[in-house]
Amino acid sequence: MTDALSEPNLFPMARAARCPFDPAPELGHRMEEAPISRVRLWDGSTPWMITRYADARAVLADPRVSVDVSQPGFPHTNAVSKARDAQMKTLMQMDAPEHTAHRRLMTSDFMIKKMEVLRPRIQQIVDELIDDLLAGPNPADLVEALALPVPTLVICELLGVPYVDRAFFQRVAGALVMDEGDPAQAMTASEELNVYLDDLVERKNAEPGDDVLSRLAVEQYRTGAMTRREISTMGQLLLVAGHDTTANMIALGTAALLAHPGQLAAVRDGDPALVANAVEELLRYLSITHTEARRVAREDLQIGGHLIRKGEGIIVVKSIANRDPSAFPAPDRLDVRRQARHHVAFGYGAHQCLGQPLARVELQVVFGTLFRRIPTLALAVPLEDLTFKHQAVFYGVRELPVTW
Ligand code: HEM
C-alpha cells in the first residue's frame with residue numbers, strides 16, 4: 001500500500017461537500033502529519049506545500065524566496081495564469097528592488113488614513129444599495145445587489161474608471177479568474193482591458209481628475225518615468241484585485257454569518273467595535289484566495305527542518321495556515337470575538353495585500369450596516385443549494401439568494 005502522505009496528491013484538493021467554509025480535509029491531515037510535503041499540480045510539476053502558520057510566515061518573509069514566474073520551477077496556478085504571467089508583469093510578479101520601487105508609487109493611495117477619509121462615501125454607497133434592495137423584489141440575489149457593486153463602485157471612483165463600463169471589465173476579470181478558462185480567450189480579454197486602460201490614461205493625461213490613474217498619468221506618464229502600458233498594467237491589477245476579492249468576501253462572509261446565527265447576532269446587536277474584529281475573523285476563517293501564495297526558491301532554504309532547493313516551487317497554503325491551532329485555538333470555530341488580526345489572509349511579507357486598508361473599511365461598513373438595517377435577513381434557499389466557486393481564483397458563491 002502506498003503511504004498517502006508520501007505521494008504528491010493533486011493540488012488544489014477538494015473541500016468536503018458538507019463543509020463549504022472549511023479548507024479541504026486533506027490539508028488538515030497534511031498540517032498534522034507532513035506539514036511540508038510535495039503536491040502535484042495541473043501541469044505535472046511537484047512543488048512544496050507549506051501548511052503551518054509559522055512556516056508560512058517564515059517563507060513569505062524570506063528574501064531568498066521569489067515571485068519570478070519565468071523560473072522553470074515556478075508553480076503556476078493554471079494555464080490561464082501561466083499565459084498571463086508570460087505576457088504581463090504586475091507588482092505580484094516583481095522581486096525587490098523593482099517591486100519596492102513600483103509598490104512605493106502606490107502605497108500613499110491605499111494608506112489607512114486615506115481609506116478612513118473614504119469611509120463616509122462607502123457608507124453612503126452601502127446605504128443606497130440597501131435602500132434599493134429593500135425597495136426591490138424579495139427574495140433577491142445579494143451578490144448582484146450589494147457584494148459586487150460596493151467594491152466595484154469604490155475602486156472605480158478611486159482609480160477614475162467610469163462605473164458605466166463595469167460590465168466590460170467584470171467580464172474580463174471573469175475570464176482571468178476561472179481555473180478552467182481558455183488561455184487564448186483570457187489573453188484576448190486581458191489585452192482588450194489594457195487597450196481600454198491605455199486610452200483612459202491618455203484621457204487622464206489630457207484632462208486629469210482627482211483619482212489614482214490621473215495622478216499616475218500626470219506624475220509618471222507625462223514625465224516619461226513610466227510608459228502608458230506600465231500604468232495600465234498597474235490599473236488592471238488594481239481593478240481586478242480591487243473588486244473581485246472584496247465582492248467574494250462580502251457574499252461568502254454573509255453566507256457564513258447566516259449559517260452561524262449566534263455569531264451573526266453578536267455582529268448585529270453587539271458593540272459596534274466588534275464589527276472590525278468580526279471582519280478579521282471572517283478573513284481568517286474564509287481565506288478566499290484559492291491561488292494561495294506561489295513562490296520559487298532563489299537559493300537553498302531550510303524551512304521547518306526541510307531542505308528546499310534552489311529553483312523548486314513553493315505553495316504557501318494560507319487557508320490552512322489560518323486554521324493552525326498553534327496560532328488560532330479551536331481554529332475551525334467561527335468566533336467573531338477572537339483576536340484574529342495576525343491571520344495571513346492578506347498574505348505576509350513584501351507582497352502583503354496593498355489594498356487591505358480599503359478592503360477592511362469596505363467589509364467593516366458592509367457587515368456593520370447590513371444586519372442592523374435588515375435584522376430579518378435570511379438565506380432564501382438551503383445552504384447546500386448555493387453554488388460555491390470551487391474552480392475560481394477567489395472562492396465565494398455564484399449567487400446569494402436572500403429574503404427578509
Ligand atoms: C478581502 C479582500 C482581499 C483579499 C483577501 C486580498 C488578498 C491578497 C493577498 C493574499 C495578496 C498577496 C498575494 C501573494 O502574496 O502572492 C494580495 C496582494 C495584492 N492585493 Fe489584495 N486582497 C483583497 C483586496 C484587495 C483590494 C481591495 C485591492 C486594491 C485596491 C488589492 C490589491 C492587491 C495588490 C495590488 C496586491 C499585490 C501586492 C504586491 O505584490 O506587492 N487587494 N491580496
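These numbers come from a predicted model, not from an experiment.

### A word on the environment of S70
Relative to the elements of secondary structure, S70 occurs in the loop between β4 (65–66) and α3 (79–87). Taking the number of C-beta atoms within 10 Å as the measure of exposure, S70 has 10 and is therefore exposed. Distance in space between the C-alpha atoms of S70 and P120 is 43 Å, their sequence separation being 50 residues.

### Section: the sheet that holds strand β5 (residues 140–141)
Spatially, the three strands line up as an open sheet ordered β5-β11-β10, and their pairing is antiparallel. Each edge of the open sheet carries a strand with a single partner, namely β5 and β10 (378–379). Bridging between β10 and strand β11 (residues 401–403) involves two bridges; their strand directions are antiparallel. Within the sheet, the bridge partner assigned to A378 lies in β11 and is T403.

### Concerning helix α12 (residues 261–269)
Owing to its 3.6 residues per turn, the α-helix aligns residues three or four sequence positions apart on the same side. The complete set of buried residues in α12 reads Q263, L264, V267 and R268. Projected down its long axis, α12 carries its buried residues within an arc of 135 degrees, all on one side. Exposed residues on α12 whose side chains face more than 90 degrees from its buried face are G262 and D269. In this structure, the buried side of α12 is in contact with α11 (228–258), α13 (274–286) and α15 (356–373).

### Some thoughts on the confidence of the model for the protein
Looking at the protein, the pLDDT average stands at 93 and 97% of residues meet or exceed 70. Contacts of residues 1–5 to residues separated by more than four positions or lying in other chains number five contacts, the stretch itself having pLDDT below 50.

### Comments concerning the site of the ligand
Taken together, 23 residues lie around the ligand, and G242, T245, G347, C353 and G355 are the ones closest in. Examining the composition of the shell around the ligand, we find that seven residues originate from one element, α11, more than from any other. For the shell around the ligand, the residue count by class is 15 nonpolar, seven polar and one charged.

### Observations regarding the nonpolar core
The nonpolar side chains of a soluble globular protein tend to be buried with one another. Membership of the largest hydrophobic core comes to 105 residues, with the highest contact counts inside it found for I50, A147, A251 and I314. Counting residues per element, this core draws most heavily on α11, which supplies 14 residues. The contact partners of A251, leaving out residues within four places of it in the chain, are L142, V143, A147, G396, V397 and L400.

### Some points on the pairing of strand β2 (residues 36–40)
Pairing between strand β1 (residues 9–10) and β2: two bridges, direction parallel. Considered in β2, the bridge of N9 is made with V39. Since β1 and β2 lie parallel, the crossover through helix α1 (residues 25–33) that links them has a hand, and here it is right-handed.

### Some remarks on the sheet that holds strand β6 (residues 293–297)
Pairing between the strands of a sheet is mediated by backbone hydrogen bonds and can be parallel or antiparallel. Spatially, β1-β2-β3-β9-β6-β4 is the arrangement adopted by the six strands of the open sheet, whose pairing is mixed. A strand with exactly one partner marks an edge of an open sheet, and here the two such strands are β1 and β4. As defined by bridge partners, β6 adjoins strand β9 (residues 313–316) across four bridges and the pair is classed as antiparallel. Bridged to V296 within β9 is G313.

### Notes on unusual backbone geometry
Each neighbour pair has its own omega, and for F11 with P12 the value is 0 degrees, a cis peptide bond. The topology assignment puts P12 in the loop between β1 and α1. The residue after N138, namely P139, is reached through a cis peptide bond having omega 5 degrees. Locating P139 in the fold gives a position in the loop between α5 (112–135) and β5. For S287, which is not glycine, the phi dihedral falls at a positive 35 degrees. The topology assignment puts S287 in the loop between α13 and β6. Residue S287 is classed as buried on the basis of its 24 C-beta neighbours within 10 Å. In the Ramachandran plot, A330 falls in the positive-phi region, its phi being about 45 degrees despite a non-glycine side chain.

Conventions we followed
- Residues numbered from 1 in each chain as written.
- Predicted model: local features only at pLDDT ≥ 70, side-chain atom pairs only at ≥ 80, totals over all residues.
- Helix = DSSP H or I, 4+ residues; strand = E, 2+ residues; numbered from the N terminus.
- Buried ≥ 20, exposed ≤ 12 C-beta atoms within 10 Å, placed from the backbone.
- Pairing = 2+ DSSP bridges.
- Arc of directions from axis to C-beta.
- Contact = placed C-beta atoms within 7 Å.
- pLDDT = per-residue confidence, 0-100.
- Near = placed C-beta within 6 Å.
- Nonpolar A, V, L, I, M, F, W, Y, C, P; charged D, E, K, R; others polar.
- Core = buried A, V, L, I, M, F, W, Y, C linked by C-beta atoms within 7 Å.
- Right-handed = clockwise from strand over helix to strand, strands pointing away.

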